[in-house]
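The primary structure of each chain is shown beneath.
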Amino acid sequence: MTKEIKFEQNYINNKLQNIVNHDLISFHMPGHKKGKIYDKLGYGKLVKDLYKMDTTEIIETDNLFSAEEIIKDSQDRASKIFKSGQSYYLVNGSTCGIQAAILATCKPKSKILINRDCHQSAINAFILGDVEPVYIKGSICENTYTIQGVSEQDVISAIDNNEDIKVLMLTYPSYYGMVFDLEKICRYAHEKGMMVIVDEAHGAHLNLSDKLPKSALEQGADIVIQSLHKTLPAFTQSSMLHVQGDLVDKKNLERFLKIVQSSSPSYVLMSSLEIAIDIHDRYGKGLMDNLLNDIENFEADLSKIDGVKVIKGHDATKVFISLKDLGINGYDLEEILRYKYNIQVELSNYYGVLLICTIGNEKNDFDAFLEAIKSIAKNFNKNHDLKIKQDNLNQKEAELIHINYPNIIPKKVLSPREAFYSDKKEVKLKDSIGKVSGEYIIPYPPGISLTSPGEIITKEVIDYILICKEYGMNVSGLKDKSLDIIEIIEN
Ligand SMILES: Cc1ncc(COP(=O)(O)O)c(C=O)c1O
């Protein structure tokens, strides 16, 4: 008989097992929602056996980096289903796909046109490949204070003003499900001889319904990177990179995919990608119809509760809920949901919480959430009942923060790579005005870098950070959490 092992010092396993035992309701990534979708659709045994199938490149298992047999067949099927020219499995998340795409299309010292709120993996690629970003400003949503994305007009003007740049990269959709007319942008960029890379990390599910925004591939992007683990039922880190058209040098791209991924790519993750794609193909559209229906009813019911605001993205699977009008900020709401109602959301900001709903969610997940919100709205009283952190911002102060937000792209004097390798020195925040920043300054929300390494620190930014400090807002990037000190680069 096999002996059951005691897990005293298995810190990670104990915590995860505990979460499994609590049957936490998931409105966060990964998209398989604690694996429930596998059991429901009959993939349970396959998934449970994955540890036995964990292997390496041996006879008959092919090779991710020169796929000719099973991996090629699997990727070819994915390409057919996603209607790409060619699709590649990624075992290091969209992070590595974004990096390979940038490194393969931008030579050292060349420029790339990119949205300011691009993912950190893109910035890291600029450091690695000595690429010069030229940023396009995005806008911020009034209600949720989150990133809304770029406007078509701003991108088109940026293309017109930068005729020497040959690569445009955009994030589509945003984390919060906002989109723009990518088709028009792709058409315009192509007319000007520009290649378009799309970070569609949050949009692998978009081709499952006509009620969702069109996917980046449908709209003509040349390279598209998708995190299947975020919005489809794949394991964390399982992503895909698709290519279409003839602007991309695939051989060069493949060289970089090999550089940015492990030389022992995980067969468990590749299997998980194949399962997610199989579910997408066989059941995806029906499940998405049901999901969109459940979300519509859920939002209608939530909107009937006094003080509850539902803020919809263009992608209906992203639901932002605000209880600010009841005096409950998003950070507190996340904790109440988790510790009182066993529900975990994807994230919170001052204004509310974001739910990532996928085909792995069931109607009863929405029912449980609705009951929780009804109960919170009815019973919440700041002075007693729930022991939560007190809201240290009132609405007026929040508005003040809103008004003062300096949504401008500062002057850049050093490239990301030059800034990365430069010596840094610590100074008091107020003494840093006019100096070259050695750190990122990223207030949350909205989570866009106000100043990046190599850029000039302005008075507007420092004044804003001081307001953030006063009201206890979260500012990431700076090593000094008390927001007194910043690293600068002396030139
Ligand atoms: C917009 C965006 N792009 C790329 C990534 C990286 O994706 P992955 O976690 O698959 O590496 C993220 C991760 O959260 C993201 O939000």
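In the nomenclature of an unreviewed UniProt entry, the chain is known as Aminotransferase class I/II-fold pyridoxal phosphate-dependent enzyme of Intestinibacter bartlettii. What UniProt states about the chain under its Sequence similarities (unreviewed entry) heading is, verbatim, "Belongs to the Orn/Lys/Arg decarboxylase class-I family."

J.: What is the right way to read the overall build of the chain from this model?
T.: Helices and strands together make up the secondary structure of the chain, namely 17 helices and 20 strands. Scaling as 2.2 N^0.38, a compact globule of 491 residues should have a C-alpha radius of gyration of about 23 Å, and the chain matches this with 23 Å. In terms of overall dimensions, the chain has a C-alpha envelope of 65 × 60 × 50 Å along the principal axes. Expressed as a percentage of its 491 residues, the buried residues of the chain come to 56%. For the chain, the share of sequence-separated contacts (at least 6 apart) that also reach a separation of at least 24 residues comes to 71%. Summing over all exposed atoms, the chain offers an accessible surface of approximately 22900 Å²; the carbon and sulfur share of this is 50%.

J.: Even after reading the chapter, I still don't get the pairing of strand S20 (residues 485–489), so can you show me in this structure?
T.: Each regular strand carries side chains that alternate between the two faces of the sheet. Counting buried positions over the five residues of S20 gives four, a clear majority of the element. In this sheet, S20 lies alongside strand S16 (residues 424–428) in antiparallel orientation, the contact comprising five bridges. By the bridge assignment, Glu426 is partnered in S20 with Glu487. With two bridges joining them, strand S17 (residues 436–437) and S20 adopt antiparallel strand pairing. Residue Ser437 lies in a different strand from S20, and its bridge partner there is Ile488.

J.: It is not clear to me how the layout of surface pockets should be interpreted in this structure. Could you clarify?
T.: Here the idea is plain: a probe the size of a water molecule rolls over the atoms and shows the empty space left. Taken as a whole, the largest pocket holds about 810 Å³ of empty space. Surrounding the largest pocket, 41 residues form its lining, Asp117, His119, Tyr175, Tyr444 and Gly447 being those nearest its centre. Sorting the residues of the lining of the largest pocket by element identifies helix H6 (93–105), helix H7 (120–129), helix H10 (228–231), strand S14 (347–348) and strand S18 (442–444) as the ones contributing at least two each. With four residues, the top contributor of residues to the lining of the largest pocket is H6. For the lining of the largest pocket, the per-class residue count stands at 17 nonpolar, 20 polar and four charged. Formed jointly, the lining of the largest pocket draws a minimum of three residues from each of two domains, domain 1 (46–280) and domain 2 (405–489). Estimated volume of the second largest pocket: approximately 590 Å³. Along its surface, the second largest pocket is lined by 18 residues, and Leu16, Gln17, Val20, His32 and Lys34 are the ones closest to its centre. Where the lining of the second largest pocket is concerned, the elements lending two or more residues are helix H1 (11–21) and helix H2 (36–41). Broken down by class, the residue content of the lining of the second largest pocket amounts to six nonpolar, seven polar and five charged.

J.: Looking at this structure, I do not really get the packing of aromatic side chains. What am I missing?
T.: Each pair of aromatic rings is reported with the distance of its centres and the angle of its planes. Applying the stated criterion across every chain yields a total of twelve aromatic pairs. Geometrically, the ring pair formed by Tyr43 and Tyr283 is edge-to-face, given 6.5 Å between the ring centres and 85° between the ring planes. Of this pair, Tyr43 sits in the loop between H2 and helix H3 (44–48) while Tyr283 is found in helix H12 (residues 267–303), placing the two residues 240 residues apart along the sequence. Since its relative accessible area comes to 8%, Tyr43 is described here as buried. With 5.3 Å between their ring centres and 85° between their planes, Tyr405 and Tyr464 make a pair best called edge-to-face. Of this pair, Tyr405 sits in the loop between helix H15 (395–404) and helix H16 (416–421) while Tyr464 sits in helix H17 (residues 459–470), placing them 59 residues apart in sequence. With respect to burial, Tyr405 and Tyr464 carry one shared label: buried. One aromatic cluster in this structure is built from Phe27, Phe298, Phe366 and Phe369. The positively charged end of Arg116 is found above the aromatic ring belonging to Tyr135, 4.6 Å away from the centroid.

Procedures and definitions
Residues numbered from 1 in each chain as written. Predicted model: local features only at pLDDT ≥ 70, side-chain atom pairs only at ≥ 80, totals over all residues. Heavy atoms only, no water. UniProt positions renumbered as here; feature names shortened; annotations may be inferred. Helix = DSSP H or I, 4+ residues; strand = E, 2+ residues; numbered from the N terminus. Rg over C-alpha atoms; globule rule 2.2 N^0.38 Å. Buried < 20%, exposed > 50% of the residue type's maximum accessible area, 1.4 Å probe, protein only. Contact = heavy atoms within 4.5 Å. Areas by Shrake-Rupley, 256 points an atom, 1.4 Å probe, with all protein chains shown as cover. Pairing = 2+ DSSP bridges. 1 Å grid on protein atoms, 1.4 Å probe; cavity = no way out; pocket = protein on both sides within 12 Å on 5 of 7 lines; lining within 4 Å. Points joined across faces, edges and corners; volume = space filled by probe spheres on them. Nonpolar A, V, L, I, M, F, W, Y, C, P; charged D, E, K, R; others polar. Domains from an automatic or database assignment. Phe/Tyr/Trp six-rings, centres within 6.5 Å; stacked < 30°, edge-to-face > 60°. Lys NZ or Arg CZ within 6 Å of the ring centre and 35° of its normal.

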